[in-house]
Every structure is written in C-alpha cells, then in structure tokens.
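# Descriptive structure summary
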Amino acid sequence: MVKTALEEFAFLIPLLPALAFVITFFFGKKMPSGGAIVPILAIAASFIISLVITFRLLANPEEVISQSYSWFAVLNIGILIDPLAAVMLSMVSFVSLLIHIYAVSYMSHDPGKPRYFAETALFTAAMLSLVLSDNILQFFVSWELVGLCSYLLIGFWYEKPSAAAAAKKAFLTTRVGDVMFLTGIIILTSDLLKLSGGLQDGTYLLRFDEIFSYIPQLSALQANIFGFEVSHLTIITLLFFGGAIGKSGQFPLHVWLPDAMEGPTTVSALIHAATMVTAGVYLVARTFPMFIAAPESLMVVAYLGGFTALFAGTMGIVMNDLKRVLAYSTISQLGYMMLGLGMGSAIGLEAVGISIFHLINHAFFKALLFLCAGSVIHAVGTQDMRELGGVGKVMPITAVTMAIAALALAGFGIPGTSIGTSGFFSKDAIIEAAYIFGEHSNNWVPYLFSIAAALLTSIYIFRLIFMTFTGKPRSDYHGHESPAIMTIPLSILAVFSLVFGGLTQTGFMAFLEETFVNTFVNLDIGSLAGIGGYELVEAAGHEPLLVLWMPLIVAVAGLAVAFVIYYLRIIKLGPLASMKNPVYRLLYKRYYQHEIYTEFFSLGIVYGVVALLTQVLDVIVDSIVEGIGILTVGVSEELRRIQTGVVQTYATALIAGVSLLIILVKLIMEVL
Amino acid sequence: MIPLSFYLGLAALLFSIGLYGVMTHKNGIRMIMCIELMLNSANLNLVAFSSYTNTLDGQVFAMFSIALAAAEAAVGFAIFMAIYRMHDNINLDELNILRW
Amino acid sequence: MRTNQLLAFLVALLFTAVVIVGAFGTSWNTVSELPANPADQSNIEGIGVLTFTQYVAPFEVLSIVLLASLIGAIYMARGEGNR
C-alpha cells in the first residue's frame, strides 16, 4: 500500500519547486526574508520524497517507478526513477536544500532576493525534472530550461556589465552544445521512425527503453561522411556527447565556466558545482548502452575528459581569484567523470557506477568549497588571494571545513581500507579503472592524464588553502566568522565529504549497476559490447602495490609542493611566477582562449560575416520594397486620369464596356 | 411580311444615333433631346414585339414609357435651370468638379 | 474630328453592330401572319381595356409620379427660395 502511494507522489518532486518558483516570483517581496521559506520547504519536501524512494529502491532494485502519459503522436511525458535517477534526485535536492539555507544569510543584504530565490527554485525544479524524465525529448526540454536558469542566475546582478557579458557567453557557449544535442535527437528520431516502420500509436518512440531496444539496428545503419564509414549510432552518441561538452564544460566549450563566477557564490555552488554541470555526465550515463555499443564514441569521451582534466588543472595553479581556482577545479573534476565513463569500454557497466559515485562525492565537497569561499568573501570582502592570508585565525569553522573539502578533493585516504575522504574512494576508482583499461588495451594515455591531473589538483587546492588561511594577512581586512545559518550547512557537507565515500563505496556501485539490467531496461551489456566488437573485463583490483598507492603518493606530493612554497615560504617563486616567464604568461592568460574565441572568432569572423550579409540584404530588400512603392505610385498617377468628372465620358465607357462584355461572353460560349 | 429583326435593327440604329449625340454634344438641351431619342427607340422595340406576338401588353407598356419620358424631361429641364443659374451657361464640359 | 467625337462614333458603331448581330441572329418566336385587317380600330379599345383592368395599379402610380415630378420641376425652375 505504501508502494502505490509513494508512486503517486513521484511527480511532486519537480512540481513542488516549480510551484515555489511561481509563488516566490509573484509574492516574494511581501514575504519575510524575501520569500526564502517557500522554496526551502518545497525542496525539503522533494528531498524527503526522493530519499524515501531511494531507500525503497535500495531494498528491492527491481521496483523502478515508471509512469508515462501520451503527449501526442508517439511522444510521451513520463517519469522514470531507477537507481541512477534516485541517487541523483537525492543528491540534487539535498545539496540544493543546504545551499538555499545558506543563501538566506548570504543574500540577506541583496535587494533582489525574491528574484534570486524564485530563480533557484525554478532551477531546482528543472534539474529534478531532467533527472527523472523517461524520454529523451523531455530530457532535452529540461536541459534547455536548466540552461535558461543558469543564464538568469549568472547575470543576477545584471547592472554589472561583466556579469551580463558572462551570462551571455554562458548561454551562447552551451547553445553550441545544445544544437549538437538536438541534431543527435533529430537523427535518432528519424532513424527510429524508419526502423519502426512509421508512427504507430501506442508506442512511445523516444522513451529510453524503446531507444535501447533499437541499438543493434542503429549500429547497423551506416553513413558515409567524408569518405569514412560510420554507423549512425556513433554519430548520434557523438552528438549527444557534444551537448554534454557544452553543458559540462569540457574542452573546447569550457570557456563559460570561469566567467560564470560573476554570479553570486551560492549560484556558483549550486549550479556550477553540484547540479547543472553534472547534467552532461548524467546524459552520457543515461544513454550509456548506446555508448557501449559505439566504442569510438567512448574513446572520444575518455580522451576528451582526460585532456580536459589535465588542461584545466594547468590553468588552476596560476589563478589568483578564489572562485576562479574552484571553477577550473570543477572543469577538471568533470573531466574525471567523463574519463570514468569512457572506461566503459573496458569495464562495462561499472563505469557508470564509478563515474556517478565521483559525481555525488564531488557535489558534496565542491559545493562545500564554494560555500566556504563564499563565507570568506562575505566576511572579508575580497576575492583576490593575494590580499588574503591568515583568515584561519578569524574564521576557524570555515577554515576547518574548507580543509576537509580540500583533503576530499585531493583524494586523501589509505588504499585497501575503508579509511579516507569521499574523494579518495571515487577518484581512486576512476584511476584504477584507467589502469585496467591501460592493461587491457595497452593504451596508457588516459591513465597518464588522470595521474597528472591528480598531481595538479593537489597543488592548486592546497595552494589555495595555504594562501588564504595561513600566514600573515597581506592586506587590511576585517573579518568575522559567519553566522550559524551559514556554518551549519558547511558542517553538514563536511561530514558528508568525510564519510560518505567510505560508507557507501561498494554498495553504491552495485546499486547503480542494477540500473540497466532490471525489469524495466533489460539489456545484455555483453552483447552490446559484442556489437561494438570488444569484450569486457572485471574491474576487480589485482593491481601491483605501486599502482594502488599511486594516487595517494601523487596527492601527498602535491601537498608537499604547496606546503613548501606557500606555507614555509622556503622556495620563492619570484621571477618564475611573473608575467615575464612565458610559460606562466601562457597559463595565466588561459592559453589565449579569450583572444581566440571571442576576439578572433566571434567578433572577427562571425560578426564580420553577419555585417556583410546585413548590408547585402539591406541593398536587395530596400531596392525591392522601394521599387514596389515607386511602381505603384507611377501606375496610379497614370490611371487616375480616367476620372474626368464629365458624365459623358463615363457614359462612353459604360457602353463600350457593355458591348465588349457581350462579345466576350458570346465568344466564350462559342468555345465551350 | 418584313421579319421582326428589321424593326429591331431600326430601333438599334435610332438608339445608337441618340447614343452618339449623348456622348458628344456639349449643350445640355441637345443631350436631353438625344436621350428622348433613345427612349423612343425603346418604345419602337416594345411596339414591334407587341405587334408580332399578337398581344397588346407591349403597347400598354409603351404608353407608360412615353408618360415617364415626359416626366423625366421636365425634371431634367428643371435641373438645367438650376445649373444655368450657377454657371451662366449649360456647357456640360464644365461640370467636372469630381475629376481627379 | 476631335478624339472625343471619334471615340464616341466608334463606340456607338460597336454597340450597333453588337445589337444588330444579336437581333438578326436570334430566331424570334413570332406569329407567321399578321392579323388580316389593318384598319381594325379595336387596338385602342383593347389598350384601354388592358390599362384599366390588368395594369390599373401601374397606371395610378404613374399618374402620381407625373404629378410629383411636375411639382418638383416647377419648384426647382422657379429658383431657390424665390417664392
């Protein structure tokens, strides 16, 4: 009885925050604390429902909640809550709830508070609906809505020109990804229509289980592009990954994430750490069976993810802005998640498990990092790390929680046991998977990427900690510890960052593996791999000891480097870390991406072409329109002379017309 | 006997003579006279038809038509009096206020 | 001739041609013989009978129309407001 009752409530999960959005948007000004209480209550309710559903699914993973309603033709609206969706739902609503509580105090001085809470409520609603959508079209609609909310929230302080420009950049860059995603959907739909023999009422064409049942046939369809024979499945999955690149900030569409720090820090924590950027990873995980059967796409995912992880890490070590370092860290960690998914070509479904595990853990400690940064910025007033230092004396709680988050991010723990921060377990799993992949296919590039990125991660995050919290203050600032309403969410997230990984490691991955092999989506991953032409191995750990300890060694090495440079101040970076050093300049200027992307490409090429076309069109269209006008006036000037005003001419015309008419009718009658 | 169409042809000829007069003459009185000519050609038509179908309805109709022609001529002349008072002549070419 | 007269002439000619062609081309439904006695005076009598039996209503209306038009013509020809 409880089961059926629970299923009825599943649709409330995205609906309640949406209602909160409407209420806060219209009535927020009149409510105390800017109408924050309504979204908090709504998200809390969603969280409770998701948690209950998750526990129920943990008990029997077979009872997936699936409700579909026909929309029109073969399209449907529906809810699918399987293990993958359940953990995402719980994480999203939990982190969103904590950040909302934090924001009550953080945004207390801001006059636009009702707008802020309304927009974050809408964002939460959109993200939740994205997670539990059961067909790819509804997924895409929620995806777009999430992108819209991101635009609104990044440009929250819209009077600042840099914020408005950053919001526009974010929207346009993700738009490039969205176009690729949509193209993938279109190709998929047309192929499915062809394969299923036209529209049949009663089948839901774009629902995930329907799509998966057509994978073998999709893989068999071949297309000829530039002389290469590629299967349709590869094209579709690559396009889907293109959408994920835009939304999750992989190279080359990662340029919007650092600029997105113009928004309030709570926005950065919510959107760019925990939820929106993970939508891309969730997309690849959701359509993972398609990726398994198209190994070339998985290779692209792995390489791009690994490269992004390394690439962003190199830029993170030279940034001086507190939030910029964290932004590059987010890009880097998302690269890790993509890398983990890409390892699916060796370890099959477990790749989804390790990647989503890292996603959840990353959400906790990255949100914690952002919120702590927000706490520091709120108290001290500056974001530049060169002006900070010694904040630890003034804000002990923030310092401790941020240190915990840094340990989680760098991945500290003791291998082979259950002792360690969450980040340790999830990052370790990915690096192990990369090692197994390397053994299996003799391709060590992903493994090298992941190890190098781990080293850089440790360096930059401990650089941040030491520069900010230790030593003597480098400028005059007045700081104080944040109020309890801000430190309580910090503490909760710190606890989760510490213990969540160790507690749930094995159970989590096994739970997620159930996603694609239960009664709802019953797939034989091995056969799918057979389509792709490779076989899978078990991810059991039989690695040599060195490999097992390598992640920890690398993390400690990074800590040591940062310690020596920034805490003990033994090694002076001096000329090495100035603009005279070309390498430093390259990194600091972010590989000149701004110049290449914005200045050259957008403003130069695209705007130039648009301006040229506009001029050409202007000339053509103007001449046509003006020509019509002149023609009309000219003709009418001549024609108005019929009106002589003399009656006799009218009579003449009348009789002439009548005679001609009679003749005409007679002729027509003769012809017919 | 003469076929009916000759009478009709004669009436048509009279009509077009009257028509030409209406379309050409500038003087108002002349125009009214030509209109009378056209009316009479129609009467001729009526009577011809009545004669050749052995009914008398057409001739009754023709009588009414003559009476109407008289009334219409009277009104027409009254209008011309008014025009004369305004323009001091009844040259129809000058009544072109409604031109372009 | 002025263009006006030429045009009027042509139009009138055209019209005549159309009507005559129509009249001579149609097969009229006529009696084959005219009545024998052309000196029969009963025509006028017949007209009078028809007028006052079948067409008496149009007759009365016509008389009123005549009256009205004559009154109107006299009034207008007298001059506006010139009693």
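Notes on the structure follow. It should be emphasised that the depicted structure is a prediction, and the values quoted were computed from it without experimental measurement.

The next subject is the overall build of chain A. Counting its regular elements, chain A contains 28 helices and four strands. Burial status across chain A gives 56% buried among its 672 residues. Of the contacts made within chain A by residues no fewer than 6 positions apart, 79% connect residues no fewer than 24 positions apart.

Before going further, it helps to examine the overall build of chain B. Across its full length, chain B carries three helices and zero strands. The N-to-C order of helical and strand elements in chain B reads α-α-α. Relative to a compact globule of 100 residues, whose C-alpha radius of gyration would be 13 Å, chain B shows 17 Å and is clearly more extended. Here the C-alpha coordinates of chain B stretch approximately 50 × 25 × 20 Å along the principal axes. Burial status across chain B gives 41% buried among its 100 residues. Expressed as a percentage of contacts within chain B between residues at least 6 apart in sequence, the contacts between residues at least 24 apart total 54%. Here chain B displays about 5300 Å² of accessible surface, and carbon together with sulfur accounts for 72% of that area. Taken as two groups, the 4 positive and 6 negative side-chain charges of chain B have centres that lie 11 Å from each other.

Attention now goes to the interface of chain C and chain A. Every contact between the two is made by four residues of chain C and, on the other side, seven residues of chain A. Contact between chain C and chain A buries roughly 570 Å² in total, counting both sides, with carbon and sulfur atoms accounting for 91%. It is Val11(C), Phe15(C) and Val18(C) that lose the most area in chain C upon contact with chain A, and together they represent 67% of the buried surface on that side. Applying the counting criterion to the chain C and chain A interface returns zero salt bridges. Counting across the interface, chain C meets chain A through zero residue pairs in polar contact (both at pLDDT 80 or more). Looking at side-chain class alone, the side of chain C that touches chain A contains four nonpolar, no polar and no charged residues.

It is worth spelling out the packing of helix H15 (residues 295-316) of chain A against helix H16 (residues 322-342) of chain A at this point. All names here are of chain A. Contact geometry of H15 with H16 gives a least axis separation of 7 Å together with a crossing angle of 160°. What the angle tells us is that H15 and H16 run roughly antiparallel. In terms of crossing hand, the pair formed by H15 and H16 is left-handed. Of H16, the residues touching H15 (which contributes Leu-298, Val-301, Ala-302, Gly-305, Gly-306, Thr-308, Ala-309, Ala-312, Gly-313, Met-315 and Gly-316) are Val-325, Tyr-328, Ile-331, Ser-332, Gly-335, Tyr-336, Met-338, Leu-339, Leu-341 and Gly-342. Of the residues belonging to the contact of H15 with H16, the class tally is 13 nonpolar, eight polar and no charged.

Residue and element names in this part refer to chain A. A full pass over the atoms with the stated rule returns 36 aromatic pairs over all chains. Between Phe-139 and Phe-181, the aromatic rings sit 6.2 Å apart at their centres with planes inclined by 80°, giving edge-to-face as the arrangement. Here the residue Phe-139 occupies a position in helix H6 (residues 136-154), and Phe-181 occupies one in helix H7 (residues 161-195), the gap between them amounting to 42 residues. Pair check on accessibility: Phe-139 and Phe-181 agree, each one buried. Clustering of aromatic rings is evident, with ring pairs tying together Phe-139, Phe-140, Trp-143, Phe-181, Phe-240 and Tyr-282.

If you look at the biggest cluster of nonpolar residues, it comprises 197 residues, and the most contacted ones within it are Ile81(A), Phe288(A) and Ile356(A). For this core, the element with the highest residue contribution is helix H18 (residues 350-380) of chain A, accounting for 21 residues. The contacts of Ile356(A), once residues within four sequence positions are left out, are Leu84(A), Val87(A), Ala285(A), Phe508(A) and Leu512(A). Counting 17 residues, the second largest nonpolar core, distinct from the first, contains Ile655(A), Met38(B), Leu92(B) and Val11(C).

Residue and element names in this part refer to chain A. Mapped onto the elements, Thr-24 comes out in helix H2 (residues 12-27). Using a relative accessible area of 0% as the deciding quantity, one classes Thr-24 as buried. A polar contact is formed between the side chain of Thr-24 and the backbone oxygen of Ala-20, at a distance of 2.6 Å.

About the cut-offs
Residues numbered from 1 in each chain as written. Chains lettered and ligands numbered in written order. Predicted model: local features only at pLDDT ≥ 70, side-chain atom pairs only at ≥ 80, totals over all residues. Heavy atoms only, no water. Helix = DSSP H or I, 4+ residues; strand = E, 2+ residues; numbered from the N terminus. Buried < 20%, exposed > 50% of the residue type's maximum accessible area, 1.4 Å probe, protein only. Contact = heavy atoms within 4.5 Å. Rg over C-alpha atoms; globule rule 2.2 N^0.38 Å. Areas by Shrake-Rupley, 256 points an atom, 1.4 Å probe, with all protein chains shown as cover. Lys, Arg positive; Asp, Glu negative; His and termini not counted. Charge placed at Lys NZ, Arg CZ, Asp CG, Glu CD. Buried area = accessible area lost by both parts, 1.4 Å probe. Salt bridge = Lys/Arg side-chain N within 4 Å of Asp/Glu carboxyl O. Polar contact = N/O pair within 3.5 Å; in protein donor to acceptor, adjacent residues only side chain to side chain. Nonpolar A, V, L, I, M, F, W, Y, C, P; charged D, E, K, R; others polar. Axes fitted to C-alpha atoms, helices over the stretch in contact; angles between N-to-C directions. Parallel < 35°, antiparallel > 145°, perpendicular 65-115°, else oblique. Left-handed = near helix turned anticlockwise from the far one by under 90°. Phe/Tyr/Trp six-rings, centres within 6.5 Å; stacked < 30°, edge-to-face > 60°. Core = buried A, V, L, I, M, F, W, Y, C linked by side-chain atoms within 4.5 Å.

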